[in-house]
Amino acid sequence: MTIVLFLIAAVIMVGLIGLIWRVWQSYVQVTPADEAFEREIATLNDSQANRISDQQLTRPIDTDTGWDLMVKRGQEGSRRRRRRRPPR
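Residues numbered from 1 in each chain as written. Predicted model: local features only at pLDDT ≥ 70, side-chain atom pairs only at ≥ 80, totals over all residues. Heavy atoms only, no water.

1. What to know about the overall build of the protein chain
When helices and strands are counted, the protein chain shows four helices and zero strands. Ordered by position from N to C terminus, the α and β elements of the protein chain give α-α-α-α. Across the 88 residues in the protein chain, those meeting the buried criterion constitute 2%. Total accessible area computed for the protein chain in this model is approximately 8900 Å², and 61% of it derives from carbon and sulfur atoms. (Helix = DSSP H or I, 4+ residues; strand = E, 2+ residues; numbered from the N terminus. Buried < 20%, exposed > 50% of the residue type's maximum accessible area, 1.4 Å probe, protein only. Areas by Shrake-Rupley, 256 points an atom, 1.4 Å probe, with all protein chains shown as cover.)

2. What to know about the pattern of salt bridges
Pairing of side chains with opposite charge becomes possible as their charged atoms draw close. Evaluated as defined, the whole model comprises one salt bridge. Between Glu35 and Arg39 there is a salt bridge, with its nearest N and O atoms 2.9 Å apart. In this pair, Glu35 and Arg39 are both assigned in helix α2 (residues 32–49), four residues apart and thus about one turn of the helix distant. (Salt bridge = Lys/Arg side-chain N within 4 Å of Asp/Glu carboxyl O.)

3. Looking at the confidence of the model for the protein chain
For residues with low pLDDT, the predicted coordinates do not support detailed interpretation. On average, residues of the protein chain score 83 in pLDDT, and 75% of them are at 70 or above. The secondary structure element of the protein chain with the lowest average pLDDT is helix α3 (residues 54–58), at 69, and the one with the highest is helix α1 (residues 2–28), at 94. (pLDDT = per-residue confidence, 0-100.)

4. With respect to α1
In this model α1 runs 39 Å from its N-terminal to its C-terminal C-alpha over 27 residues, within 8% of the 39 Å that 1.5 Å per residue would give. Burial analysis of α1 places just zero of its 27 residues in the buried class, which makes it a mostly uncovered element. (Expected span 1.5 Å × (residues − 1).)

5. Comments concerning the packing of aromatic side chains
Per the counting criterion, the structure on display carries one aromatic pair. Ring geometry for Trp24 versus Tyr27: centroids 5.8 Å apart, planes at 35 degrees, classification tilted. Of this pair, Trp24 and Tyr27 are both found in helix α1, three residues apart, which corresponds to roughly one turn of the helix. Since its relative accessible area comes to 65%, Tyr27 is described here as exposed. (Phe/Tyr/Trp six-rings, centres within 6.5 Å; stacked < 30°, edge-to-face > 60°.)

Printed below as a string of structure tokens:
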């Protein structure tokens, strides 16, 4: 009688482990669409962390505009340095 109860308990435990395994596999399985979405969200988060405006996030700038922006910021930086020097 105890052997039968042990076998029933063992079958129930194996069934529970199998059920948990299947649920876990379906939970952790990532589709390519989900993976692409996660990658896009991570890129947006990185961009927000670097203080890029929402307009730039939705419409990335082209290389010419980027170059002009870089030159403009470089010129602004050199103007700031000139202003900070004390007069002689």
